[in-house]
Every structure is written in structure tokens, then in C-alpha cells.
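Examination of the molecular architecture
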Amino acid sequence: MTAEVVDVRILVTGGTGQLGGAVVARLRAAGEEVRVLSRRAAPDVVRGDLRTGRGVDSAVAAVDVVVHCATDYFGREVQLARTLVEAARWAGGPHLVYVSIVGVDRVPLGYYRAKHETEQLVAASGLPYTIQRATQFHGLVRTLLAGASRLPVVPVPRISFQPVDVRDVARRLAGHALGDPVGRAPDFGGPEILTAAELAQAVGEASGRHRRIVPLKVPGETFRAYAGGGHLAPGHREGEITFREYLAERADHG
């Protein structure tokens with residue numbers, strides 16, 4: 001007996017990760033059949049590796065939309081996207097949705113530069129595309145500050161952040177996946193812009209560690225860009241879940 005073939009309209013790369021998993025959950029809740037591409041073995045996952053190209057062609061075959069959530073912090077961001085773009089071209093040109101970061105063209109970090117170069121690759125690919133920049137995730141900001149909160153005095157840079165919840169970003173990406181390509185979409189930011197000192201205080205309170213917080217001016221080109229707000233989207237506070245709400249949820253779940 002031949003197995004029933006299910007039409008799958010949407011592929012999510014990195015679909016077992018934090019953001020990709022939230023996108024998959026959002027789309028499936030909307031009744032969509034979603035294919036997940038991941039290097040990890042897991043139920044309902046197509047094994048594939050964007051670093052080598054193994055399994056990518058079959059994963060992309062016959063889909064209408066690819067939401068590219070897989071990322072690489074070790075200098076291979078562009079390589080992953082190039083492998084995906086080449087496979088997508090052979091597959092007939094699905095709508096490619098790429099998630100990037102607010103400020104990739106203004107903050108001189110290596111990872112940001114790679115994201116910006118990948119944006120340019122996607123825009124020049126000939127594929128219908130949507131590029132969505134988002135501000136820093138709650139989890140990243142918490143991780144950056146949690147280690148310092150264990151010190152007797154917590155030093156923090158004199159900069160602000162606009163943290164956003166991955167579930168809010170997933171909502172926006174799912175909307176793009178179900179809509180028409182828009183090219184470069186408006187930036188997507190968290191609901192609040194808070195100083196690093198305010199965020200460190202929230203982390204300390206959530207963990208029961210009340211520490212003295214000392215804001216410091218940090219030298220260097222990257223921190224000048226941060227201090228100038230290059231990573232913020234003050235006109236786009238569409239995220240709904242605040243940083244303190246995120247921390248409270250983590251406390252409630254142990």
C-alpha cells in the first residue's frame with residue numbers, strides 16, 4: 001500500500017530551535033501542514049544540513065514558502081543561506097522569509113555584518129522574499145545579564161535594549177509565511193525600551209538577588225553604535241510580552 005502524500009506548503013529551517021519551534025507551533029495552530037528541516041533527529045523532522053547541503057533539496061521540494069530560522073554564530077550565516085537559496089531556485093522559487101536583526105547595517109559586530117550580507121544575498125536571489133528584522137530576544141538579554149547578577153556589584157553598559165519575545169516574533173513570521181512577499185518588512189521591536197541597568201534590576205529581582213548596579217561607559221565602535229540606539233526600533237513596538245512578564249513566566253515554571 002502506498003503511503004498517503006500530504007501536501008506541505010511551508011518549510012521552516014531550524015524548526016527545532018527556540019524561534020523556529022515557536023514559528024512551527026504558530027503555523028500548526030493555524031491548521032497549516034509544516035515541514036521542519038533540522039540537523040537534529042526528532043519526530044516529524046526532515047534531517048538536513050545547510051552547512052553541507054545534505055537533505056536540503058528534498059526538504060525544499062514542492063513547498064510554497066520557506067521560513068529561514070536556522071542561523072550560525074560561527075561565520076557560516078551566508079553559507080547556510082546560499083545553500084538554501086540554490087535549492088529553492090531548483091525547487092521552483094518559493095517565497096523565502098528571512099529573519100534578521102534590527103541594526104545589522106548600523107552596529108559593527110561580525111554576526112550583524114553576516115546577517116546584513118545574508119539580507120543582500122536574499123534580496124538579490126531572484127526569489128520572492130520577505131526580510132524581517134527584529135530586536136534582541138528576551139532570552140539573549142537575560143543570558144547577558146544573569147551572569148553579572150551573581151557578582152556583588154553588577155556592572156552594566158550605559159546602553160538601552162528593546163527586548164522582544166520569540167513568540168511575538170513567531171507571530172509576525174507566521175503572518176509573513178501566510179501572506180505575500182513584501183521585500184524588506186518594517187522592523188519589529190519589543191514593547192519597551194529599557195536601560196541595561198533597568199533590565200539588570202529586573203533580572204536580579206526575578207532571581208532573588210538584589211545587587212548594586214553600576215552603569216559604565218564602554219569604549220569602542222560597537223558600543224558607540226549601541227549607545228546611539230542603532231539596534232533599536234522605537235517606532236515599532238509591536239511586541240506584546242514585556243521583559244518582566246517573560247521573567248515571571250520563567251519563575252512560575254521553575
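Attention here is on the structure that accompanies the text. Counting from 1, residues in each chain are numbered in the order their sequence is written. A pLDDT threshold of at least 70 governs which residues receive local features in this predicted model, and a stricter bar of 80 or more applies before side-chain atom pairs are shown or counted, although totals over entire chains, interfaces and linings include all residues. Side-chain calculation: all heavy atoms of the structure are included, whereas hydrogens and water are not.

**Topic: unusual backbone geometry**
Note: most peptide bonds trans; most residues except glycine with negative phi. The following threshold applies: Note on conventions: DSSP H or I runs of at least 4 residues are helices, E runs of at least 2 residues are strands, and numbering of each starts at the N terminus.
Here Ala62, not a glycine, exhibits a phi torsion of approximately 70°, which is positive. Structurally, the position occupied by Ala62 is in the loop between α2 (56-60) and β4 (65-68).

**Examining the sheet that holds β4**
Operational definition: Here, a strand pair is defined by DSSP locating no fewer than two bridges between the strands. Any two residues whose heavy atoms approach within 4.5 Å are treated as being in contact. In this analysis, axes come from line fits to C-alpha atoms, helices being fitted only over the stretch in contact, and the angle between any two N-to-C directions falls in the range 0 to 180 degrees.
The 7 strands are arranged β3-β2-β1-β4-β5-β6-β9 in an open sheet whose pairing can be described as parallel. This sheet does not close on itself; its edge strands, each paired only once, are β3 (45-47) and β9 (183-184). Note: strand β2 (residues 34-38) against β3, 3 bridges, orientation parallel. Residue Ser38 lies in a different strand from β3, and its bridge partner there is Arg47. Along the sheet, helix α4 (residues 110-123) contacts β5 (95-101) and β6 (129-134); its crossing angle with β5, the most-contacted strand, is approximately 160°. Contacting β1 (10-13), β4, β5 and β6, helix α6 (residues 166-177) runs over the sheet at an angle of about 155° to β5.

**So, the packing of aromatic side chains**
How we decide: Ring geometry is summarised as follows: Phe, Tyr and Trp rings, the Trp one being its six-membered ring, pair when their centres sit within 6.5 Å, and such pairs are stacked at plane angles under 30 degrees, edge-to-face over 60 and tilted between the two. For the exposure calls, accessible area comes from a 1.4 Å probe over protein chains only, and a residue counts as buried if that area is under 20% of its type's maximum, exposed if over 50%, partly exposed in between.
All chains considered together, the criterion is met by 4 aromatic pairs. Seen from their ring centres, Phe161 and Tyr226 are 6.4 Å apart, and the 50° between their planes marks the pair as tilted. Of this pair, Phe161 sits in strand β8 (residues 160-161) while Tyr226 is found in helix α8 (residues 221-227), placing the two residues 65 residues apart along the sequence. Residue Phe161 shares its accessibility class with Tyr226, and that shared class is buried.

**Here we look at the packing of helix α1 (residues 18-29) against α6**
Quick note on the threshold: In this scheme, roughly parallel covers angles under 35 degrees and roughly antiparallel covers those over 145, while 65 to 115 is roughly perpendicular and the rest are oblique. Here a crossing is called left-handed whenever its near helix is offset anticlockwise from the far helix by less than a right angle, and right-handed whenever the offset is clockwise. Residues are grouped as follows: Ala, Val, Leu, Ile, Met, Phe, Trp, Tyr, Cys and Pro are nonpolar; Asp, Glu, Lys and Arg are charged; every other residue, Gly included, is polar.
One way to put it is that α1 packs onto α6 with a least axis distance of 8 Å and a crossing angle of 55°. Regarding the angle of α1 to α6, the classification is oblique. Relative to α6, α1 is oriented so that their crossing is right-handed. Where α1 approaches α6, its residues Gln18, Leu19, Ala22, Val23, Arg26 and Leu27 are matched on the opposing element by Val166, Val169, Ala170, Arg171, Leu173, Ala174 and Ala177. A per-class count over the contact of α1 with α6 returns 10 nonpolar, 1 polar and 2 charged.

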